[in-house]
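A structural walkthrough
Each chain, written out:
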Amino acid sequence: MSLHATLRVPDRDVDVAVEVPTGRTVALLGPNGAGKSTTLAAVAGLIRPAAGEVRLGERILFCANGSSRFIPPHSRGIGLLAQDARLFPHLSVLDNVAFGPRSAGMPRGRARDRARHWLAQVDATELADRRPGALSGGQAQRVAIARALATEPHLLLLDEPLSALDVETAPSVRQLLRRVLAGRTTLLVTHDVLDAVLLADDVVVLDGGRVVEQGPTSRVLTHPRSSFAARIAGLNLVRGALDGDVVVGPEGMRVAGLVDDSSVEGMDAVAVFSPAAVGVYRVAPQGSPRTEVRATVTDLEPHGHQVRVHTAYLSADITPAALADLALTPGDEVVLTVKASEVAIYAG
Ligand SMILES: Nc1ncnc2c1ncn2[C@@H]1O[C@H](COP(=O)(O)OP(=O)(O)OP(=O)(O)O)[C@@H](O)[C@H]1O
(Lines give C-alpha, C1' and ligand atoms only; values in the text may rest on other atoms or scores of the structure.)
Protein backbone atom coordinates (compact mmCIF):
# COMPACT_ATOMS: atom_id res chain seq x y z
CA MET A 1 0.00 0.00 0.00
CA SER A 2 1.38 3.39 -0.86
CA LEU A 3 1.94 6.15 1.69
CA HIS A 4 1.12 9.78 0.96
CA ALA A 5 1.96 12.19 3.74
CA THR A 6 1.85 15.97 3.84
CA LEU A 7 2.74 17.26 7.27
CA ARG A 8 3.07 20.64 8.88
CA VAL A 9 4.42 20.83 12.43
CA PRO A 10 4.98 24.57 12.96
CA ASP A 11 6.42 24.34 16.48
CA ARG A 12 9.26 22.25 15.04
CA ASP A 13 9.36 24.21 11.76
CA VAL A 14 8.69 21.03 9.77
CA ASP A 15 6.69 21.24 6.52
CA VAL A 16 7.17 18.22 4.27
CA ALA A 17 5.49 16.00 1.70
CA VAL A 18 6.68 12.39 1.46
CA GLU A 19 5.44 9.56 -0.75
CA VAL A 20 6.33 5.89 -0.57
CA PRO A 21 5.04 3.88 -3.53
CA THR A 22 3.71 0.38 -2.83
CA GLY A 23 6.48 -2.13 -2.25
CA ARG A 24 9.29 0.44 -2.25
CA THR A 25 11.70 1.55 0.45
CA VAL A 26 12.30 5.27 0.82
CA ALA A 27 15.16 6.54 3.00
CA LEU A 28 14.77 9.85 4.82
CA LEU A 29 18.19 11.43 5.05
CA GLY A 30 19.37 14.72 6.46
CA PRO A 31 21.52 16.40 9.07
CA ASN A 32 20.65 16.52 12.78
CA GLY A 33 17.44 18.41 13.45
CA ALA A 34 16.33 18.18 9.79
CA GLY A 35 12.92 16.79 10.74
CA LYS A 36 13.36 13.07 9.98
CA SER A 37 12.13 11.75 13.34
CA THR A 38 9.29 14.28 13.39
CA THR A 39 8.13 13.05 9.98
CA LEU A 40 8.29 9.43 11.11
CA ALA A 41 6.47 10.20 14.39
CA ALA A 42 3.71 12.03 12.54
CA VAL A 43 3.19 9.13 10.12
CA ALA A 44 3.14 6.69 13.04
CA GLY A 45 0.61 8.84 14.90
CA LEU A 46 2.93 9.55 17.82
CA ILE A 47 2.54 13.28 17.28
CA ARG A 48 -0.32 15.21 15.77
CA PRO A 49 0.62 17.72 13.05
CA ALA A 50 -1.13 21.08 12.88
CA ALA A 51 -2.04 20.50 9.23
CA GLY A 52 -1.76 17.97 6.45
CA GLU A 53 -2.86 14.47 5.63
CA VAL A 54 -1.51 10.94 6.06
CA ARG A 55 -3.00 8.37 3.72
CA LEU A 56 -2.08 4.68 3.52
CA GLY A 57 -3.60 3.21 0.40
CA GLU A 58 -7.16 4.57 0.39
CA ARG A 59 -7.33 4.89 4.16
CA ILE A 60 -6.95 8.33 5.71
CA LEU A 61 -5.00 7.98 8.97
CA PHE A 62 -4.76 11.65 9.70
CA CYS A 63 -6.33 14.71 8.25
CA ALA A 64 -6.43 18.32 9.41
CA ASN A 65 -7.46 20.09 6.24
CA GLY A 66 -10.94 21.36 6.95
CA SER A 67 -12.27 18.06 8.31
CA SER A 68 -10.35 16.34 11.08
CA ARG A 69 -9.34 12.73 11.59
CA PHE A 70 -6.74 11.02 13.75
CA ILE A 71 -6.38 7.23 13.85
CA PRO A 72 -4.38 6.21 16.96
CA PRO A 73 -0.97 4.55 16.39
CA HIS A 74 -2.03 0.97 17.20
CA SER A 75 -4.88 1.08 14.65
CA ARG A 76 -2.82 2.41 11.73
CA GLY A 77 -1.57 -0.91 10.36
CA ILE A 78 1.99 0.37 10.70
CA GLY A 79 5.01 -1.50 12.10
CA LEU A 80 7.66 0.58 13.85
CA LEU A 81 11.25 -0.45 14.48
CA ALA A 82 13.34 1.88 16.62
CA GLN A 83 17.09 2.17 17.24
CA ASP A 84 16.93 -0.17 20.20
CA ALA A 85 14.80 -3.29 20.27
CA ARG A 86 12.54 -2.23 23.20
CA LEU A 87 11.38 -5.82 23.84
CA PHE A 88 9.19 -6.54 26.85
CA PRO A 89 11.69 -7.85 29.42
CA HIS A 90 9.22 -10.11 31.24
CA LEU A 91 8.09 -11.99 28.09
CA SER A 92 9.97 -14.70 26.21
CA VAL A 93 11.21 -13.89 22.72
CA LEU A 94 8.36 -15.97 21.27
CA ASP A 95 5.73 -14.08 23.27
CA ASN A 96 7.31 -10.75 22.37
CA VAL A 97 6.82 -11.58 18.70
CA ALA A 98 3.35 -13.04 19.32
CA PHE A 99 2.31 -9.92 21.26
CA GLY A 100 1.16 -7.89 18.24
CA PRO A 101 -1.05 -10.61 16.72
CA ARG A 102 -2.42 -11.41 20.20
CA SER A 103 -3.32 -7.76 20.77
CA ALA A 104 -5.13 -7.80 17.43
CA GLY A 105 -7.31 -10.63 18.79
CA MET A 106 -5.58 -13.70 17.36
CA PRO A 107 -5.87 -16.83 19.55
CA ARG A 108 -2.72 -17.67 21.51
CA GLY A 109 -1.77 -20.82 19.55
CA ARG A 110 -2.09 -19.16 16.17
CA ALA A 111 -0.25 -16.07 17.35
CA ARG A 112 2.62 -18.26 18.52
CA ASP A 113 2.68 -20.10 15.21
CA ARG A 114 2.92 -16.81 13.44
CA ALA A 115 5.69 -15.69 15.81
CA ARG A 116 7.65 -18.88 15.04
CA HIS A 117 7.27 -18.20 11.34
CA TRP A 118 8.71 -14.70 11.68
CA LEU A 119 11.48 -15.79 14.02
CA ALA A 120 12.50 -18.29 11.34
CA GLN A 121 12.47 -15.49 8.75
CA VAL A 122 15.03 -13.55 10.79
CA ASP A 123 17.17 -16.61 11.59
CA ALA A 124 16.24 -16.48 15.28
CA THR A 125 14.28 -19.70 15.79
CA GLU A 126 16.66 -20.91 18.47
CA LEU A 127 16.10 -17.75 20.54
CA ALA A 128 12.36 -18.38 21.04
CA ASP A 129 12.50 -19.40 24.70
CA ARG A 130 15.01 -16.81 25.87
CA ARG A 131 14.24 -13.64 27.77
CA PRO A 132 15.32 -10.35 26.12
CA GLY A 133 17.91 -9.83 28.90
CA ALA A 134 19.80 -12.87 27.57
CA LEU A 135 20.16 -11.53 24.01
CA SER A 136 23.00 -9.64 22.35
CA GLY A 137 22.18 -6.30 20.71
CA GLY A 138 22.12 -7.87 17.23
CA GLN A 139 19.91 -10.77 18.38
CA ALA A 140 17.50 -8.39 20.09
CA GLN A 141 17.24 -6.30 16.93
CA ARG A 142 16.51 -9.43 14.85
CA VAL A 143 13.71 -10.28 17.27
CA ALA A 144 12.42 -6.70 17.07
CA ILE A 145 12.31 -7.00 13.27
CA ALA A 146 10.29 -10.22 13.62
CA ARG A 147 7.97 -8.49 16.08
CA ALA A 148 7.39 -5.56 13.71
CA LEU A 149 6.65 -7.94 10.81
CA ALA A 150 4.43 -10.31 12.80
CA THR A 151 1.57 -7.82 12.75
CA GLU A 152 1.82 -7.93 8.92
CA PRO A 153 1.77 -4.14 8.69
CA HIS A 154 0.90 -2.29 5.49
CA LEU A 155 3.79 0.09 6.14
CA LEU A 156 7.05 -0.37 8.01
CA LEU A 157 8.75 2.59 9.69
CA LEU A 158 12.40 2.13 10.61
CA ASP A 159 14.11 4.74 12.77
CA GLU A 160 17.89 4.33 12.53
CA PRO A 161 17.52 0.55 12.95
CA LEU A 162 21.26 -0.18 12.90
CA SER A 163 22.67 2.79 14.78
CA ALA A 164 22.72 1.09 18.20
CA LEU A 165 24.58 -1.96 16.86
CA ASP A 166 28.36 -2.36 16.87
CA VAL A 167 30.29 -2.42 13.62
CA GLU A 168 30.62 -6.24 13.62
CA THR A 169 26.88 -6.80 14.08
CA ALA A 170 25.38 -4.11 11.85
CA PRO A 171 26.28 -5.70 8.47
CA SER A 172 24.44 -8.97 9.14
CA VAL A 173 21.33 -7.17 10.41
CA ARG A 174 21.54 -4.87 7.37
CA GLN A 175 21.61 -7.94 5.12
CA LEU A 176 18.62 -9.33 6.96
CA LEU A 177 16.73 -6.06 6.49
CA ARG A 178 17.62 -6.07 2.82
CA ARG A 179 15.99 -9.48 2.55
CA VAL A 180 12.83 -8.77 4.55
CA LEU A 181 12.24 -5.28 3.14
CA ALA A 182 12.19 -6.46 -0.48
CA GLY A 183 8.73 -5.71 -1.85
CA ARG A 184 7.54 -4.05 1.39
CA THR A 185 6.41 -0.46 1.70
CA THR A 186 8.98 1.05 4.04
CA LEU A 187 10.06 4.48 5.27
CA LEU A 188 13.55 4.38 6.74
CA VAL A 189 15.31 7.11 8.71
CA THR A 190 19.06 6.81 8.56
CA HIS A 191 22.30 8.74 8.84
CA ASP A 192 24.22 6.04 7.06
CA VAL A 193 24.82 6.19 3.32
CA LEU A 194 25.27 2.41 3.25
CA ASP A 195 21.71 1.95 4.52
CA ALA A 196 20.45 4.20 1.76
CA VAL A 197 22.45 2.38 -0.91
CA LEU A 198 21.68 -1.15 0.25
CA LEU A 199 18.13 -0.77 1.52
CA ALA A 200 16.40 2.12 -0.23
CA ASP A 201 15.03 2.46 -3.75
CA ASP A 202 14.55 6.19 -3.34
CA VAL A 203 15.81 8.85 -0.96
CA VAL A 204 14.24 12.02 0.36
CA VAL A 205 16.72 14.53 1.76
CA LEU A 206 15.42 16.86 4.47
CA ASP A 207 17.15 19.98 5.73
CA GLY A 208 15.72 22.61 8.05
CA GLY A 209 12.34 20.86 8.12
CA ARG A 210 11.93 20.94 4.30
CA VAL A 211 12.46 18.45 1.50
CA VAL A 212 15.54 19.71 -0.37
CA GLU A 213 16.04 16.82 -2.75
CA GLN A 214 14.47 13.49 -3.68
CA GLY A 215 14.78 10.76 -6.26
CA PRO A 216 16.17 7.30 -6.91
CA THR A 217 19.03 6.53 -4.52
CA SER A 218 21.62 6.00 -7.25
CA ARG A 219 20.79 9.28 -8.95
CA VAL A 220 20.80 11.34 -5.75
CA LEU A 221 24.16 9.90 -4.70
CA THR A 222 25.84 10.25 -8.10
CA HIS A 223 24.19 13.55 -9.04
CA PRO A 224 23.43 15.23 -5.71
CA ARG A 225 21.75 18.63 -5.69
CA SER A 226 21.98 19.27 -1.94
CA SER A 227 25.17 19.71 0.06
CA PHE A 228 24.02 16.99 2.50
CA ALA A 229 23.59 14.39 -0.25
CA ALA A 230 26.95 15.37 -1.72
CA ARG A 231 28.61 15.04 1.68
CA ILE A 232 27.29 11.56 2.36
CA ALA A 233 28.15 10.53 -1.18
CA GLY A 234 31.70 11.73 -0.50
CA LEU A 235 31.59 14.37 -3.23
CA ASN A 236 32.37 18.08 -3.41
CA LEU A 237 29.44 20.26 -4.40
CA VAL A 238 29.59 23.96 -5.27
CA ARG A 239 26.28 25.69 -5.82
CA GLY A 240 25.98 28.95 -7.71
CA ALA A 241 24.99 30.69 -10.94
CA LEU A 242 26.14 29.31 -14.27
CA ASP A 243 28.42 31.58 -16.33
CA GLY A 244 29.41 29.79 -19.56
CA ASP A 245 30.91 26.52 -18.33
CA VAL A 246 31.71 27.91 -14.87
CA VAL A 247 29.68 27.76 -11.66
CA VAL A 248 30.22 30.94 -9.66
CA GLY A 249 29.91 29.82 -6.05
CA PRO A 250 30.27 31.36 -2.60
CA GLU A 251 32.90 34.09 -2.16
CA GLY A 252 33.34 34.30 -5.93
CA MET A 253 34.71 30.75 -6.22
CA ARG A 254 34.71 29.75 -9.90
CA VAL A 255 34.57 26.06 -10.83
CA ALA A 256 34.79 25.10 -14.52
CA GLY A 257 33.38 21.81 -15.74
CA LEU A 258 31.41 19.82 -18.28
CA VAL A 259 27.94 21.32 -18.51
CA ASP A 260 25.00 18.97 -18.75
CA ASP A 261 22.54 19.84 -21.55
CA SER A 262 19.80 20.62 -19.06
CA SER A 263 21.72 23.54 -17.50
CA VAL A 264 20.83 27.00 -18.69
CA GLU A 265 22.98 30.14 -18.53
CA GLY A 266 22.45 32.23 -15.39
CA MET A 267 20.32 29.64 -13.60
CA ASP A 268 21.20 27.90 -10.34
CA ALA A 269 23.62 25.10 -11.01
CA VAL A 270 25.83 22.74 -9.07
CA ALA A 271 29.38 21.65 -9.84
CA VAL A 272 30.07 18.18 -8.46
CA PHE A 273 33.44 16.39 -8.31
CA SER A 274 35.31 13.84 -6.28
CA PRO A 275 37.88 14.83 -3.62
CA ALA A 276 40.25 12.54 -5.55
CA ALA A 277 40.08 14.99 -8.47
CA VAL A 278 41.35 17.89 -6.35
CA GLY A 279 45.06 18.77 -6.31
CA VAL A 280 46.59 20.48 -3.26
CA TYR A 281 49.54 22.88 -3.51
CA ARG A 282 51.33 25.37 -1.31
CA VAL A 283 51.75 27.71 -4.28
CA ALA A 284 49.77 27.71 -7.52
CA PRO A 285 51.34 25.31 -10.03
CA GLN A 286 52.46 26.43 -13.50
CA GLY A 287 49.92 25.87 -16.29
CA SER A 288 47.32 24.82 -13.76
CA PRO A 289 43.71 23.87 -14.64
CA ARG A 290 41.17 26.66 -14.92
CA THR A 291 39.75 25.99 -11.48
CA GLU A 292 42.08 27.26 -8.83
CA VAL A 293 40.76 28.02 -5.36
CA ARG A 294 42.65 29.55 -2.46
CA ALA A 295 41.53 27.99 0.82
CA THR A 296 42.51 27.38 4.44
CA VAL A 297 42.91 23.82 5.72
CA THR A 298 40.30 23.22 8.44
CA ASP A 299 40.88 19.52 9.17
CA LEU A 300 42.82 16.44 8.10
CA GLU A 301 41.40 12.93 8.46
CA PRO A 302 42.35 9.43 7.34
CA HIS A 303 40.28 8.23 4.39
CA GLY A 304 41.08 4.65 3.36
CA HIS A 305 44.73 4.66 2.31
CA GLN A 306 44.60 8.39 1.73
CA VAL A 307 44.23 11.54 3.77
CA ARG A 308 41.22 13.80 3.28
CA VAL A 309 42.12 17.48 3.44
CA HIS A 310 39.12 19.61 4.39
CA THR A 311 38.72 23.32 3.69
CA ALA A 312 35.68 25.55 4.16
CA TYR A 313 33.99 24.49 0.89
CA LEU A 314 36.06 21.75 -0.71
CA SER A 315 37.81 18.52 0.26
CA ALA A 316 40.76 16.81 -1.38
CA ASP A 317 42.17 13.29 -1.06
CA ILE A 318 45.96 13.08 -1.11
CA THR A 319 48.44 10.33 -0.32
CA PRO A 320 50.20 10.26 3.07
CA ALA A 321 53.46 10.88 1.18
CA ALA A 322 52.01 14.02 -0.41
CA LEU A 323 50.79 15.15 3.00
CA ALA A 324 54.26 14.69 4.46
CA ASP A 325 55.75 16.54 1.50
CA LEU A 326 53.35 19.47 1.89
CA ALA A 327 53.71 19.37 5.71
CA LEU A 328 50.11 20.53 6.09
CA THR A 329 48.39 21.35 9.35
CA PRO A 330 44.98 22.96 9.96
CA GLY A 331 45.18 26.72 9.46
CA ASP A 332 47.60 26.47 6.50
CA GLU A 333 46.80 28.33 3.28
CA VAL A 334 46.67 26.12 0.18
CA VAL A 335 45.78 26.31 -3.50
CA LEU A 336 43.28 23.70 -4.71
CA THR A 337 43.05 22.81 -8.39
CA VAL A 338 40.46 20.79 -10.29
CA LYS A 339 40.51 19.80 -13.97
CA ALA A 340 37.33 20.83 -15.80
CA SER A 341 37.12 17.32 -17.28
CA GLU A 342 36.59 15.93 -13.76
CA VAL A 343 33.69 18.26 -12.88
CA ALA A 344 30.03 17.58 -13.73
CA ILE A 345 27.83 20.68 -13.91
CA TYR A 346 24.05 20.40 -13.93
CA ALA A 347 20.92 22.29 -12.85
CA GLY A 348 20.78 22.76 -9.07
N1 LIG B 1 10.03 16.56 21.35
C2 LIG B 1 10.29 17.71 20.73
N3 LIG B 1 9.73 18.87 21.12
C4 LIG B 1 9.97 20.01 20.48
N5 LIG B 1 10.79 20.13 19.43
C6 LIG B 1 11.40 19.02 19.00
C7 LIG B 1 11.19 17.75 19.62
N8 LIG B 1 11.91 16.84 18.96
C9 LIG B 1 12.55 17.51 17.99
N10 LIG B 1 12.26 18.82 18.02
C11 LIG B 1 12.73 19.87 17.09
O12 LIG B 1 12.16 19.61 15.83
C13 LIG B 1 13.10 19.82 14.78
C14 LIG B 1 13.23 18.55 13.97
O15 LIG B 1 13.84 17.55 14.80
P16 LIG B 1 13.89 16.00 14.44
O17 LIG B 1 14.21 15.26 15.70
O18 LIG B 1 12.64 15.64 13.71
O19 LIG B 1 15.11 15.96 13.44
P20 LIG B 1 15.96 14.72 12.93
O21 LIG B 1 16.19 14.98 11.49
O22 LIG B 1 15.27 13.46 13.29
O23 LIG B 1 17.30 14.90 13.74
P24 LIG B 1 18.34 13.78 14.33
O25 LIG B 1 19.06 13.26 13.12
O26 LIG B 1 19.22 14.61 15.20
O27 LIG B 1 17.54 12.76 15.05
C28 LIG B 1 14.38 20.27 15.44
O29 LIG B 1 14.43 21.66 15.38
C30 LIG B 1 14.24 19.76 16.85
O31 LIG B 1 14.95 20.59 17.73
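Residues numbered from 1 in each chain as written. Predicted model: local features only at pLDDT ≥ 70, side-chain atom pairs only at ≥ 80, totals over all residues.

In the annotation of an unreviewed UniProt entry, the chain is listed under the name ATP-binding cassette domain-containing protein and assigned to Knoellia koreensis.

1. Looking at the domain arrangement of the chain
Where we set the bar: Domain start and stop points were drawn from an automatic or database domain assignment.
For the chain, the assigned domains read domain 1 (3–222) and domain 2 (235–348). Here domain 1 and domain 2 have C-alpha centroids that lie 38 Å from each other.

2. Some details on helix H4 (residues 137–150)
Spelled out, the test is: By definition, any uninterrupted DSSP run of H or I lasting at least four residues is a helix, any uninterrupted run of E lasting at least two residues is a strand, and each is numbered from the N terminus. Here, expected helix span is obtained from the residue count minus one, scaled by 1.5 Å. Any residue with 12 or fewer other C-beta atoms within 10 Å of its own C-beta is exposed, any with 20 or more is buried, and the rest are partly exposed; the C-beta atoms used are placed from the backbone.
Taking 1.5 Å per residue, 14 residues should reach 20 Å; H4 reaches 20 Å between its end C-alpha atoms and fits that length. Most of H4 sits inside the fold, with 13 of its 14 residues counted as buried.

3. Regarding helix H3 (residues 108–121)
Note the following rule: Residues are treated as contacting if the C-beta atoms built from their backbones sit within 7 Å of each other.
The terminal C-alpha atoms of H3, which comprises 14 residues, lie 20 Å apart, in line with the 20 Å expected from a rise of 1.5 Å per residue. Its buried side turned inward, H3 meets helix H2 (93–103) and H4. Positive backbone phi, approximately 55°, marks aspartate 123, located one or two places after H3.

4. Regarding the UniProt feature "domain: ABC transporter" (unreviewed entry) in the chain
Convention followed: UniProt positions are given in the numbering used here, feature names are shortened, and annotations may be inferred rather than shown by experiment.
Under the feature "domain: ABC transporter" (unreviewed entry), the UniProt entry names residues 7–233. Across residues 7–233, the secondary structure splits into 35% helix and 26% strand, with the terminal C-alpha atoms separated by 28 Å.

5. Some words on the nonpolar core
The line we're drawing: What we call a nonpolar core is a set of buried Ala, Val, Leu, Ile, Met, Phe, Trp, Tyr and Cys residues whose membership is set by joining through C-beta atoms within 7 Å.
Ranked by size, the top nonpolar core spans 98 residues in total, and within it Val97, Val143, Ala146 and Leu187 carry the most contacts. Residue contributions to this core peak at 8 residues, all from H4. Residue assignment places this core across two domains, with domain 1 (3–222) and domain 2 (235–348) each supplying three or more. Contacts of valine 143, omitting those with residues within four sequence positions, involve Ala85, Leu87, Val93, Asn96, Val97, Ala124, Leu127 and Leu135.

6. Considerations on the pairing of strand E8 (residues 155–159)
For clarity, the cut-off: DSSP calls a pair of strands paired once it identifies at least 2 bridges connecting them. Crossovers are described as right-handed under a simple rule: with the strands pointing away from the observer, the path leading from the first strand over the helix to the second runs clockwise.
With 5 of 5 residues buried, E8 lies mostly within the body of the structure. On E8, burial covers both faces: Leu155, Leu157 and Asp159 on one face and Leu156 and Leu158 on the other are all buried. Where strand E7 (residues 78–81) and E8 come together, 4 bridges link them in parallel fashion. Directly across from glycine 79, in E8, lies its bridge partner leucine 156. Two strands pair when backbone bridges link them, and E8 and strand E9 (residues 186–189) are joined in this way by 4 bridges, in the parallel orientation. Counterpart to leucine 156 in the pairing with E9 is threonine 186. Crossover E8 to E9 through helix H5 (residues 170–181) is right-handed.

7. With respect to the sheet that holds strand E19 (residues 306–311)
As a general point, the strands of a sheet are linked pairwise by backbone hydrogen bonds and lie either parallel or antiparallel. Note the cut-off: Helix axes are fitted to C-alpha atoms over the stretch in contact, other axes to C-alpha atoms as well, and angles between N-to-C directions run from 0 to 180 degrees.
Spatially, the 5 strands line up as an open sheet ordered E17-E21-E18-E19-E20, and their pairing is antiparallel. Of all the strands in the sheet, just strand E17 (278–281) and strand E20 (315–318) have a single pairing partner and so form its edges. Averaged over neighbouring strand pairs, the angle between their axes works out to 45° when direction is ignored. Sheet topology note: the strand E18 (residues 291–303)/strand E21 (residues 333–338) ladder contains 6 bridges and is antiparallel. Among the inter-strand pairings, glutamate 292 is bridged to a residue of E21, identified as threonine 337.

8. Some thoughts on the sheet that holds strand E1 (residues 3–9)
Read across the sheet, 5 strands follow the order E2-E1-E4-E5-E6 without closing on themselves; strand pairing throughout is antiparallel. The open sheet has two free edges, formed respectively by strand E2 (14–20) and strand E6 (67–70), since each of these has just one partner strand. Each strand axis lies, on average, 20° off the axis of its neighbour in the sheet, ignoring direction. Judged from the 4 bridges that link them, strand E5 (residues 59–65) and E6 form a sheet pairing that is antiparallel. Pairing of alanine 64 across the sheet is with serine 68, part of E6. Contacts from helix H1 (residues 36–44) reach E1, E2 and strand E4 (51–56), with the element oriented near 115° to E1.

9. Here we look at the confidence of the model for the chain
Stated formally: The quantity known as pLDDT measures the predictor's confidence residue by residue, on a range of 0 to 100.
Mean pLDDT over the chain works out to 92, with 99% of the residues at or above the 70 mark. For this predicted complex, the interface confidence reaches an ipTM of 0.94, while the overall pTM sits at 0.86.

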